[in-house]
Amino acid sequence: MSQTPAPTLDMTAVTPAADVREADRALRRLASIELWERFSYYILTGLLALYLAAPVAEGGAGWAPEDALRFYGFYLACITIAPFFGGLVSDRWLGGASALFAGAWMMLAGHGLLGLAGLQAGVSIAFYTGLALVALGNGLFKPNISVLVGRLPHDSQSARDAAFGTFWMFINIGGLLATMGGGLLAQRLSWHWAFGAAGLGMVIALALMALFHRRVIAPYATVPERRRDARSPVDWAFLTPVGIILAIIILFGVAYYQVFGALSLFTDSRVDRLIFGFEVPTVWFLSLNPFFMLMLVPLISRGWRYGRGIGHDWPTTRKLAAGFVLVAASFVLMLGAIVQAQSGLASPLWIVGAILVLTLAELMTGPIALAAVSRLSPAPVANIAMGGYSAAIGIGGLLSGQVGALAMKDGMLAVFGAIAGGAMLVAAALHLARARLQRLGI
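Residues numbered from 1 in each chain as written. Predicted model: local features only at pLDDT ≥ 70, side-chain atom pairs only at ≥ 80, totals over all residues. Heavy atoms only, no water.

**Student:** Even after reading the chapter, I still don't get the overall build of the chain, so can you show me in this structure?
**Tutor:** If you tally the helices and strands in the chain, you get 16 helices and 2 strands. Across the 442 residues of the chain, 58% fall into the buried class. Within the chain, contacts between residues separated by at least 24 positions form 86% of all contacts whose residues are at least 6 apart in sequence. Accessible area for the chain stands at about 17500 Å²; split by element, carbon and sulfur atoms hold 67% of it. (Helix = DSSP H or I, 4+ residues; strand = E, 2+ residues; numbered from the N terminus. Buried < 20%, exposed > 50% of the residue type's maximum accessible area, 1.4 Å probe, protein only. Contact = heavy atoms within 4.5 Å. Areas by Shrake-Rupley, 256 points an atom, 1.4 Å probe, with all protein chains shown as cover.)

As structure tokens, then:
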């Protein structure tokens, strides 16, 4: 059965010429918008579990760690499942450009409320309302910005992977600025200042959106037809390979978000963070992930863009399998920290090494899966498919909160060991099924 062309290959719906140099410029502009939106996002997600578990005397919510992790996982699910419904609204009613701007304004309002709510300890109606607005705004914004990247005129699969790798790098620049700046503001000033800084990120993102709207956003964002019979027919065979990819991303999310949840709380209390008399903020360890990503992406992505370097010609299945092998290796290093902490504070080098390896795993998993969803999804349902990708991450986040709470209750050694073993099983399954998966286009 023939596959309906992916939006990036069907360029009849957009006006710019399929020029590689222009595509690179458009990619950088879209990525700069995403950088500041993700700056806001990662301040919130990086600090949320720590804020909820912090004592009231320190301006936090004073929740038990288990409750903080459960709520954190629940909120991750909400904020990342929302793009599925946002993609549906975009494809059927609003259109890409309108949805993008509406989502950005909602997130700005939400972060503003969170900044005001942070003036007092504990949680309030304003705090929950701010969280809801950020989640709803993310639902409209996230699938559309990813679809715009997918619609740029890529001339090969490796070029598409490289483009999403570059996009991922800008996301991590935002994450690095967020964890470094947000962590310092929370430690030195207050949670209020940290949450308020997230609102500043959305102001910058909106300014860039207005600046680049005519040259980048409007040409690549198509307004959906209102009549169903006027829409292009959809070959629903794409659901099988995309569904497999989304299931893989759910499993990756369960492991990956332990860094922001259980491992973050472990680092806060069981790792030696005193370096030359300076106590390193816990959230700074989270900044290692985007820092390492910035070091690695230019080395790998540039080679892939021009068909060079290790892995540039690997099929998607092989890259995903390699990613899960690296997930297992990362959790083995985390186990080393947990064992050492049984007799005192653990060395921070365990955490640094674990996050470095997990970053390599993310690079072989996240942008590769995102590029595959873009390539396999027909144009009429592109936003919905991108929303499905985000929803898969959200389900992984929800499950990660439950797994993290289990680790805090029953012991991190056993739970993290099970994650390491499970990752190796996933890698083995991908390897054994590689021929069948490649026939599906994965």
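Once you've had a look at it, read on.
**Student:** What is the right way to look at the side chain of Thr 359 in this model?
**Tutor:** Tracing the chain through its elements places Thr 359 in helix α12 (residues 348-363). Accessibility expressed as a relative area gives 0% for Thr 359, which makes it buried. Polar contacts involving the side chain of Thr 359 include one to the side chain of Asn 289, which spans 3.0 Å. Not counting residues within four places of it along the chain, the set of residues in contact with Thr 359 comprises Asn 289, Phe 292, Met 293 and Leu 296. (Polar contact = N/O pair within 3.5 Å; in protein donor to acceptor, adjacent residues only side chain to side chain.)

**Student:** Explain the packing of aromatic side chains here, please?
**Tutor:** The geometry of an aromatic ring pair comes down to the distance between the two centres and the angle between the two planes. Across all of its chains, the model carries 16 aromatic pairs by this definition. Pairing Tyr 41 with Tyr 42 gives two aromatic rings, centres 5.1 Å apart and planes at 85°, and the pair type is edge-to-face. For Tyr 41, a relative accessible area of 5% corresponds to the buried category. On the basis of relative accessible area, Tyr 42 is assigned to the buried category, the value being 17%. Taken together through their ring pairs, the aromatic side chains of Tyr 51, Trp 63, Phe 71, Phe 74, Phe 127, Tyr 128, Trp 191 and Phe 195 make up a single cluster. Arg 38 extends its terminal NZ or CZ atom over the ring of Tyr 41, reaching a point 3.9 Å from the ring centre. (Phe/Tyr/Trp six-rings, centres within 6.5 Å; stacked < 30°, edge-to-face > 60°. Lys NZ or Arg CZ within 6 Å of the ring centre and 35° of its normal.)

**Student:** How should a nonpolar patch on the surface be read in this particular structure?
**Tutor:** There is a patch of nonpolar side chains on the surface, built from Leu 88, Trp 93 and Leu 94 and spanning about 280 Å² of accessible area. Position of Leu 88 relative to the elements: it lies in helix α2 (residues 65-94). Classification of Leu 88 as partly exposed rests on a relative accessible area of 31%. (Patch = residues over 30% accessible without salt bridge, like charges linked within 9 Å, V, L, I, M, F, W, Y side chains within 5 Å. Salt bridge = Lys/Arg side-chain N within 4 Å of Asp/Glu carboxyl O.)

**Student:** Explanation requested: the side chain of Ser 400 in the structure shown.
**Tutor:** Looking at the element boundaries, Ser 400 is found in helix α14 (residues 382-410). Judged by relative accessible area, which is 3%, Ser 400 ranks as buried. Sequence-distant contacts of Ser 400, that is, excluding residues within four places in its chain, are made with Leu 76, Gly 253, Val 254, Tyr 257 and Gln 258.

**Student:** How should α14 be read in this particular structure?
**Tutor:** Spacing of three or four residues puts side chains on the same side of an α-helix, whose turn is 3.6 residues. When the terminal C-alpha atoms of α14 are compared, their 42 Å separation across 29 residues agrees well with the 42 Å that a helix rising 1.5 Å per residue should span. Directly after α14, the chain includes Gly 411, whose backbone phi takes a positive value near 115°. (Expected span 1.5 Å × (residues − 1).)

**Student:** Would you explain the environment of Arg 436 in this entry?
**Tutor:** Here Arg 436 lies in helix α16 (residues 434-439). For Arg 436, a relative accessible area of 61% translates into the label exposed. A sequence separation of 119 residues divides Arg 436 from Thr 317, and the C-alpha atoms of the two residues are 10.0 Å apart.

**Student:** I would appreciate a short explanation of helix α13 (residues 366-376) in the present structure.
**Tutor:** Among the 11 residues of α13, 11 are classified as buried, and the element is accordingly described as predominantly covered. Every buried residue of α13 is listed here: Gly 366, Pro 367, Ile 368, Ala 369, Leu 370, Ala 371, Ala 372, Val 373, Ser 374, Arg 375 and Leu 376.

**Student:** Looking at this structure, I do not really get the nonpolar core. What am I missing?
**Tutor:** Generally speaking, a soluble globular protein has its nonpolar side chains buried in company with each other. Counting 140 residues, the largest nonpolar core has Tyr 75, Phe 266, Tyr 389 and Phe 416 as the members making the most contacts within it. The element that contributes the greatest number of residues to this core is helix α1 (residues 20-53), accounting for 18 residues. Aside from chain neighbours lying at most four places away, what touches Phe 266 is Val 271, Ala 337, Ile 338, Ala 341, Ile 351 and Met 412. (Core = buried A, V, L, I, M, F, W, Y, C linked by side-chain atoms within 4.5 Å.)

**Student:** Even after reading the chapter, I still don't get the pattern of salt bridges, so can you show me in this structure?
**Tutor:** If charged atoms from side chains of opposite charge come close, those side chains can pair. Scanning all chains against the criterion turns up 6 salt bridges. In this structure, Arg 38 and Glu 37 form a salt bridge, with 2.7 Å as the shortest nitrogen-oxygen distance. Looking at Arg 38, the relative accessible area reads 5%, which means it is buried. Residue Glu 37 is classed as buried on the basis of its relative accessible area of 1%.

**Student:** What is the right way to look at the packing of α14 against helix α15 (residues 412-432) in this model?
**Tutor:** Relative orientation and spacing of two packed helices are given, respectively, by the angle between their axes and the distance between those axes. Viewed as axis vectors pointing N to C, α14 and α15 meet at an angle of 140°, and their least axial separation amounts to 7 Å. Together, Val 403, Leu 406, Ala 407 and Met 408 of α14 and Met 412, Val 415, Phe 416 and Ile 419 of α15 make up the contact between the two elements. A class-by-class count of the residues in the contact of α14 with α15 yields 8 nonpolar, no polar and no charged. (Axes fitted to C-alpha atoms, helices over the stretch in contact; angles between N-to-C directions. Nonpolar A, V, L, I, M, F, W, Y, C, P; charged D, E, K, R; others polar.)

**Student:** Explain the environment of Ser 374 here, please?
**Tutor:** With respect to the helices and strands, Ser 374 occurs in helix α13. When the C-alpha positions of Ser 374 and Gly 150 are compared, they lie 5.7 Å apart, and in sequence the two are 224 residues distant.

**Student:** Can you walk me through the environment of Ala 221 in this structure?
**Tutor:** Note on placement: Ala 221 falls in the loop between α6 (191-220) and α7 (239-256). When the C-alpha atoms of Ala 221 and Gly 95 are compared, they prove to be 7.1 Å apart, with 126 residues separating the residues in sequence. When near neighbours in sequence (up to four residues on either side) are disregarded, Ala 221 contacts Gly 96, Ala 97, Leu 148 and Arg 151.

**Student:** Which parts of the structure should I look at to understand the confidence of the model for the chain?
**Tutor:** Do not read the predicted coordinates in detail wherever pLDDT is low. Of the residues in the chain, 87% reach a pLDDT of 70 or more, and the chain-wide mean stands at 81. Predicted confidence is poor over residues 223-230, with pLDDT under 50, and the contacts of this stretch with residues over four places away or in other chains come to 12 contacts. (pLDDT = per-residue confidence, 0-100.)

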